[in-house]
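What the coordinates show
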Amino acid sequence: GAVVSQHPSWVICKSGTSVKIECRSLDFQATTMFWYRQFPKQSLMLMATSNEGSKATYEQGVEKDKFLINHASLTLSTLTVTSAHPEDSSFYICSASFGTEIDTQYFGPGTRLTVL
Amino acid sequence: GQNIDQPTEMTATEGAIVQINCTYQTSGFNGLFWYQQHAGEAPTFLSYNVLDGLEEKGRFSSFLSRSKGYSYLLLKELQMKDSASYLCASHILTGGGNKLTFGTGTQLKVEL
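This one's a predicted model, so the numbers in the text were calculated from it and none came from an experiment. (Residues numbered from 1 in each chain as written. Chains lettered and ligands numbered in written order. Predicted model: local features only at pLDDT ≥ 70, side-chain atom pairs only at ≥ 80, totals over all residues. Heavy atoms only, no water.)

Glancing now at the overall build of chain A. Assigned secondary structure in chain A consists of zero helices and 11 strands. Mapped in sequence order, the helices and strands of chain A form the string β-β-β-β-β-β-β-β-β-β-β. Taken over the C-alpha trace, chain A has a radius of gyration of 13 Å; the compact-globule value for 116 residues is 13 Å, and the two agree within 12%. Viewed in the frame of its principal axes, chain A has a C-alpha envelope of about 40 × 25 × 25 Å. Burial statistics for chain A: of 116 residues in total, 50% are counted as buried. At a minimum sequence separation of 6, the contacts of chain A that also span at least 24 residues come to 55%. Positive and negative side-chain charges of chain A, numbering 9 and 10 respectively, have mean locations separated by a distance of 9 Å. (Helix = DSSP H or I, 4+ residues; strand = E, 2+ residues; numbered from the N terminus. Rg over C-alpha atoms; globule rule 2.2 N^0.38 Å. Buried < 20%, exposed > 50% of the residue type's maximum accessible area, 1.4 Å probe, protein only. Contact = heavy atoms within 4.5 Å. Lys, Arg positive; Asp, Glu negative; His and termini not counted. Charge placed at Lys NZ, Arg CZ, Asp CG, Glu CD.)

Next up on the list: the confidence of the model for chain B. Mean pLDDT over chain B stands at 92; residues scoring 70 or higher make up 97%. Looking over chain B, one finds the lowest element-wise mean pLDDT in strand 10 (residues 97-102) of chain B, namely 83, and the highest in strand 8 (residues 70-75) of chain B, namely 98. (pLDDT = per-residue confidence, 0-100.)

Here we take up the pairing of strand 8 (residues 76-81) of chain A. Residues and elements named next belong to chain A. Where burial is concerned, most of strand 8 is hidden: six out of the six residues are buried. Pairing between strand 3 (residues 19-25) and strand 8: six bridges, direction antiparallel. Residue R24 lies in a different strand from strand 8, and its bridge partner there is L76. Pairing of strand 7 (residues 67-73) with strand 8 involves five bridges; the strand directions are antiparallel. Opposite I69, over in strand 8, you have L79 as the bridge partner. (Pairing = 2+ DSSP bridges.)

Residue and element names in this part refer to chain A. Relative to the elements of secondary structure, S77 occurs in strand 8. Taking the C-alpha atoms as reference points, S77 and K64, 13 residues apart in sequence, are found 15 Å from one another. Leave out the neighbours within four places in its chain, and S77 touches I21, E22, C23, M33, W35, S50, I69, N70 and H71. A distance of 3.0 Å separates a polar atom in the side chain of S77 from a polar atom in the side chain of W35. (Polar contact = N/O pair within 3.5 Å; in protein donor to acceptor, adjacent residues only side chain to side chain.)

Residue and element names in this part refer to chain A. Across the sheet, four strands lie side by side as 1-3-8-7; this open sheet has antiparallel pairing. Two strands bound the open sheet, and with one partner strand each, they are strand 1 (4-7) and strand 7. Along the sheet, successive strands turn relative to each other by an average axial angle of 15°, direction set aside. The pairing of strand 1 with strand 3 spans four bridges and is classified as antiparallel. Among the inter-strand pairings, S5 is bridged to a residue of strand 3, identified as R24. (Axes fitted to C-alpha atoms, helices over the stretch in contact; angles between N-to-C directions.)

Residues and elements named next belong to chain B. Within the secondary structure, N49 sits in strand 5 (residues 44-49). Side chain to side chain, N49 and S62 meet in a polar contact 2.6 Å long. Not counting residues within four places of it along the chain, the set of residues in contact with N49 comprises G31, L32, E55, S62, F63 and L64.

Turning our attention to the nonpolar core. Residues W35, F67, L79, Y92 and L113 of chain A are the most contacted members of the largest nonpolar core, which totals 24 residues. For this core, the secondary structure elements donating two or more residues are strand 2 (10-13), strand 3, strand 4 (32-38), strand 5 (45-51), strand 7, strand 8, strand 9 (90-97) and strand 11 (111-115) of chain A. Within the second largest apolar cluster, 20 residues are counted, among which are A12, Y24, F29 and L75 of chain B. (Core = buried A, V, L, I, M, F, W, Y, C linked by side-chain atoms within 4.5 Å.)

This brings us to the interface of chain A and chain B. Each partner contributes to the interface: chain A provides 20 residues, whereas chain B provides 17 residues. For the pair chain A and chain B, the summed buried surface comes to about 1,400 Å²; carbon and sulfur atoms form 57% of the total. Counting across the interface, chain A meets chain B through one salt bridge. The partner of E59 of chain A in a salt bridge is K99 of chain B, with the nearest N and O atoms 2.7 Å apart. Viewed at the interface, chain B and chain A are joined by four residue pairs in polar contact (both at pLDDT 80 or more). Secondary structure elements with two or more residues in the side of chain A that touches chain B: strand 4 and strand 9 of chain A. Residue composition of the side of chain A that touches chain B, grouped by class: nine nonpolar, seven polar and four charged. (Buried area = accessible area lost by both parts, 1.4 Å probe. Salt bridge = Lys/Arg side-chain N within 4 Å of Asp/Glu carboxyl O. Nonpolar A, V, L, I, M, F, W, Y, C, P; charged D, E, K, R; others polar.)

This is the structure in structure tokens:
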């Protein structure tokens with residue numbers, strides 16, 4: 001199956017700093033990438049959808065100025081959590097699809113963010 | 001709006017069969033996914049149902065009834081490694097593309 005990687009796998013940062021998370025599709029070109037957030041014992045909540053070369057579409061309630069998404073190429077999307085606060089501590093997961101009628105989204109291994 | 005319900009927790013015995021139900025009320029519905037997620041890991045794909053009926057894939061089967069807004073995941077010959085969270089997700093087509101809306105997940109515990 002298709003492989004999606006994320007980097008870093010975990011990160012601890014101080015409150016007020018910014019953190020960048022990378023999502024890469026390793027063996028296919030992902031026209032669409034999705035960013036999710038998952039709090040403990042809760043389900044995945046879609047934050048935004050990004051298509052290569054265009055602006056991301058954010059879900060209601062997600063601050064686009066705080067969660068900056070860049071989808072610069074068909075194999076790379078980045079999520080930057082700006083001015084992180086402890087309430088931003090969560091498990092961030094990206095997924096990628098071929099962007100057609102969807103059959104499957106391939107998920108990355110996730111990034112555990114802890115803001116002190 | 002989008003609403004997906006599934007039980008929070010289930011417990012079953014090794015070697016047994018368990019059925020995890022999922023009901024949904026979503027606009028723009030196109031199909032229903034099931035994913036397995038172990039703690040601290042990303043979800044892995046199990047099945048995708050678009051048409052009504054049962055689809056079998058090894059020990060796992062998934063059923064969909066579009067008219068009832070209902071799906072279930074059936075796990076046979078349970079193994080200890082099947083202990084995980086099982087997420088149902090509604091595949092929705094929107095003007096801007098497609099996306100998944102996840103249920104809260106069912107935590108399955110397999111016991112000896």
